[in-house]
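Spelled out from the first residue to the last, the chains are:
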Amino acid sequence: MLQLLHSNSIESKQEDGTVSDLTLVGSQGRVGFRGLCENKFLLGVSLFSTLGGFLCGYALGVLPGVLAIESFGAKFPEIYTNAMLKGWFVSTFILAAWFGANVSGPVCDKIGRKVSIIYDAVIFILGSSLQACATSPAHLFAGRAVAGLAVGSLTHVVPIYLAEISCARIRGSLVSLQQLAITFGIVVSYGIVYGTSQIGGTRCAPGIPHTATLPFNPDTDVPPGGCTGQTQASWRVPLAFQILPALCLAIGMLFMPYSPRWLAERGREVEVLDTLRRLRRKPAQDCSVRTEFLEIMAEVRFAREVMKAAYPDAGPVMRIINKYLVLMSSWPKSKRLVVGSLIVTFQQNMGATTLIYILPTIFSQLGLNPNTTSLLATGAYGIVNMLATLLAIVLVDRVGRRPVLISGAAGCSICLAIIGSIVTIYGKDWPAHVVAAHIAIVFVYLYDAILSYSWTPMGWVITSEIFPLHLRSSGMSITASGMWSSYFTAGLFTPAMLNPHAGGMGYWLPVTFSLAALLSAISFIPETKGRTLEEMDPVFHDNATDSQQELKRSISRELGLPDRAFLNVL
């Protein structure tokens, strides 16, 4: 296949001065959201694969609602009444997701992006089944851990898959669909739990008044025969519902294309070209398809030669370890890891967890009933989150990653400073300061919109595109697991920081993180807009040695790839 394409390719400048058709190939078509709509096949594949993101959002959003259902408390009073056990029940999923993201790195390289997604969906079905059919706390914990393992792996592999099937001019918008799917999953989980919580009524035993200070006490408020009103279907149905999208994902991915870049790493050259042809909806001999194919093959061959020269006697296990070592072998490669880690750390520590705690407090103190409070503090917040993500899809490939990050960090800093000031001054007595409460609520939702179009989706976009192909899965596994560890620590420490004795740290620490994010976006995080995945080396000043440069030129000449198109291959 390479020989065939080589015979149809010519040097970038011939003897008569004519420039090669490959040299003239540029980024063809519309940019960003409009470009997405041009290629319906690629858009369909991307939307379907983001069911993995939907599962993540749904699994995260469904649990708080389920834990508040009285029939769930009647079935599992140990979890319902024990705050520590409830906390560990929630944390089990997050810690398992952290582990799944780490393990997924070498697994994804071995079996491929597509097959990894299928296996993850099957594992998620198993975990969801254990939860939905649980008869003991052990079943719930086991199911939550298994589902978390799958979700952690999905948050690693789905962004990689999206980035590798995309082209440079629409990659940011395409990968941002991952975050849109997550927010949609959260919103759907809120709606389903709200609806199913009415099955049999909202009370476990309507004829028995609540006898304790708690809204519901399973030790005193449940009749001997169990709940007479609200049924177990009120919490089993939402836990079982997530099996349906996971099943669709597992079956549907069988018919989706492989990542062409993973196929190239496995030496399946004929399939690479055929897959690119399908994804780009162009014939195999189209100049843009030929150039992309040759650039991918050049990167694979160059990386293979460099790794073989550096680690000639490495066995299978050492080859996995060496990929992580290479990521730390030089500053240009380490910088990619630092950039990715910073983005996911800022993403989780810029105040989102704090404001999720603040909103219900404000609404309840203003005299709203619990149902209205839940609807505004979770449902409306999630809808704003989802709608704002659409703005990221429109902007990221048109204005670039850095402007989105800079404007987002600046906006979050301002909103958090205003919210923190209002809460510090008036937060002890909201009913006496209704106007201040309303202003705080407006800025909470404004903050939600700003974060949702900037740092949240960029956490997937940038981390999935900055690593070279042979290190992408390893690098992304580190950043994805870093996202889950940041999510865990933010949830762990936020309640303590919101304690009145903490001196307002819960409000002002996120302001500090937002300002640090602003400085990082201005001075440290590079722009990757419009670059192919094979063109990231110059972005990070990752220059090869003289011998490696000569190897690049040799591979370039052998493939018939113009030097200009191959300057950036690693």
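Residues numbered from 1 in each chain as written. Predicted model: local features only at pLDDT ≥ 70, side-chain atom pairs only at ≥ 80, totals over all residues. Heavy atoms only, no water.

Enquirer: Hey, could you go over the packing of aromatic side chains for me, with residue numbers and the actual values?
Expert: Taken as a whole and assessed by the stated rule, the structure comprises 15 aromatic pairs. Seen from their ring centres, Y80 and F216 are 5.6 Å apart, and the 80° between their planes marks the pair as edge-to-face. With Y80 in helix α7 (residues 77–81) and F216 in the loop between α11 (171–196) and α12 (233–241), this pair connects stretches of sequence that are 136 residues apart. A single burial state applies to Y80 and to F216, both of which are buried. Where Y258 meets W262, the ring centres are 5.9 Å apart and the plane angle is 20°; that geometry is what we call stacked. Residue classification places W262 among the buried residues on the basis of a relative accessible area of 5%. Here the aromatic residues F54, Y58, F184 and F241 are joined through ring pairs into a cluster of three or more. (Phe/Tyr/Trp six-rings, centres within 6.5 Å; stacked < 30°, edge-to-face > 60°. Helix = DSSP H or I, 4+ residues; strand = E, 2+ residues; numbered from the N terminus. Buried < 20%, exposed > 50% of the residue type's maximum accessible area, 1.4 Å probe, protein only.)

Enquirer: I'd like a rundown of helix α19 (residues 352–365), residues and numbers included.
Expert: Over its 14 residues, α19 runs 21 Å from end to end, which matches the ideal 20 Å to within 8%, given 1.5 Å per residue. The set of residues buried in α19 consists of T353, T354, L355, I358, L359, I362 and F363. (Expected span 1.5 Å × (residues − 1).)

Enquirer: Which residues make up the state of the cysteines, and what values do they have?
Expert: Per the counting criterion, the structure on display carries one disulfide. Note on cysteine connectivity: C204 is disulfide-linked to C227, with sulfurs 2.0 Å apart. On the sign convention where negative is left-handed, the bridge of C204 and C227, at about -100° about the S-S bond, is left-handed. Of the two residues, C204 sits in the loop between α11 and α12 while C227 sits in the loop between α11 and α12, which places them 23 residues apart along the sequence. With no disulfide of its own, C167 lies closest to C37 among cysteine sulfurs, the gap being 13 Å. Judged by relative accessible area, C167 falls into the buried class, the value being 15%. Residue C415 stays outside any disulfide, its sulfur separated by 6.8 Å from that of C412, the closest cysteine. (Disulfide = S-S within 2.5 Å.)

Enquirer: Now, about the environment of T424: what can you tell me, with residues and values included?
Expert: Tracing the backbone shows T424 in helix α21 (residues 401–426). For T424, a relative accessible area of 45% puts it in the partly exposed group. Sequence separation of T424 and Y507 is 83 residues, and the distance between their C-alpha atoms is 8.7 Å. What T424 contacts, discounting residues up to four positions off in sequence, is Y507 and W508. Polar contacts involving the side chain of T424 include one to the main-chain carbonyl oxygen of G420, which spans 2.6 Å. (Contact = heavy atoms within 4.5 Å. Polar contact = N/O pair within 3.5 Å; in protein donor to acceptor, adjacent residues only side chain to side chain.)

Enquirer: So what's going on with helix α25 (residues 505–523)? Residues and values would help.
Expert: The terminal C-alpha atoms of α25 lie 27 Å apart, and with 19 residues this matches the ideal 27 Å at 1.5 Å per residue to within 8%. Taken together, the buried positions of α25 are occupied by G506, Y507, P510, V511, S514, A517, L518, S520 and A521. Where α25 is buried, its residues meet α18 (331–349), α19, α21, α23 (455–465) and α24 (469–497).

Enquirer: So, a nonpolar patch on the surface: which residues are in play, and what are the values?
Expert: A surface patch of nonpolar side chains, about 410 Å² in accessible area, is lined by W98, F99, V103, V107 and L149. The element contributing the most residues to the nonpolar patch is helix α8 (residues 83–111), with four residues. The topology assignment puts V107 in helix α8. (Patch = residues over 30% accessible without salt bridge, like charges linked within 9 Å, V, L, I, M, F, W, Y side chains within 5 Å. Areas by Shrake-Rupley, 256 points an atom, 1.4 Å probe, with all protein chains shown as cover. Salt bridge = Lys/Arg side-chain N within 4 Å of Asp/Glu carboxyl O.)

Enquirer: An account of the environment of I123 is requested, with residue identities and associated values reported.
Expert: Mapped onto the secondary structure, I123 falls in helix α9 (residues 113–132). Dropping the residues within four chain positions of it, I123 is found in contact with V146 and A150.

Enquirer: Account for the environment of N385, with residues named and values stated.
Expert: Structurally, N385 can be placed in helix α20 (residues 370–399). The sequence separation of N385 and D542 amounts to 157 residues, and the corresponding C-alpha distance is 36 Å. Beyond its immediate stretch of four places on either side in the chain, N385 contacts Q179, T183, D448 and S452.

Enquirer: Lay out the pattern of salt bridges with the relevant residues and their values.
Expert: Scanning the model with the defined rule gives 19 salt bridges in all. Several salt bridges share partner residues, and in doing so they unite D109, R113, E164, K323 and R472 into one network.

Enquirer: Give me the lowdown on the nonpolar core, citing residues and values where you can.
Expert: The tendency in soluble globular proteins is for nonpolar side chains to be buried as a group. Core analysis: the largest hydrophobic core is formed by 125 residues, its most contacted members being F72, Y447, W455 and W484. With residues up to four places along the chain from it excluded, the contact list for Y447 reads M350, G351, A352, L355, Y381, C412, C415 and L416. Counting 18 residues, the second-largest nonpolar core is a separate cluster that includes L273, L294, L559 and L561. (Core = buried A, V, L, I, M, F, W, Y, C linked by side-chain atoms within 4.5 Å.)

Enquirer: How would you summarise the confidence of the model for the protein if you had to cite specific residues and measurements?
Expert: Chain-level statistics for the protein give a pLDDT mean of 87 and a share of 90% at 70 or above. Contacts of residues 6–26 to residues separated by more than four positions or lying in other chains number 39 contacts, the stretch itself having pLDDT below 50. Confidence drops under pLDDT 50 across residues 564–570; counting only partners more than four residues distant or on other chains, this segment forms 33 contacts. (pLDDT = per-residue confidence, 0-100.)

Enquirer: Outline unusual backbone geometry, listing residues and values.
Expert: Excluding glycine, a negative phi dihedral is what most residues carry, and trans is how most peptide bonds are arranged. Of note in this structure, R281 is not a glycine but carries a positive phi near 60°. Among the secondary structure elements, R281 is positioned in the loop between α15 (269–280) and α16 (287–310). Looking at R281, the relative accessible area reads 52%, which means it is exposed. The phi torsion at H541 lies on the positive side, around 55°, for a residue other than glycine.

Enquirer: Describe the packing of α21 against α25, listing the residues and the values that go with them.
Expert: Here α21 crosses α25 at 160°, and the two axes come no closer than 8 Å. When the interaxial angle is binned, α21 and α25 end up roughly antiparallel. Here α21 runs over α25; the crossing is left-handed. (Axes fitted to C-alpha atoms, helices over the stretch in contact; angles between N-to-C directions. Parallel < 35°, antiparallel > 145°, perpendicular 65-115°, else oblique. Left-handed = near helix turned anticlockwise from the far one by under 90°.)

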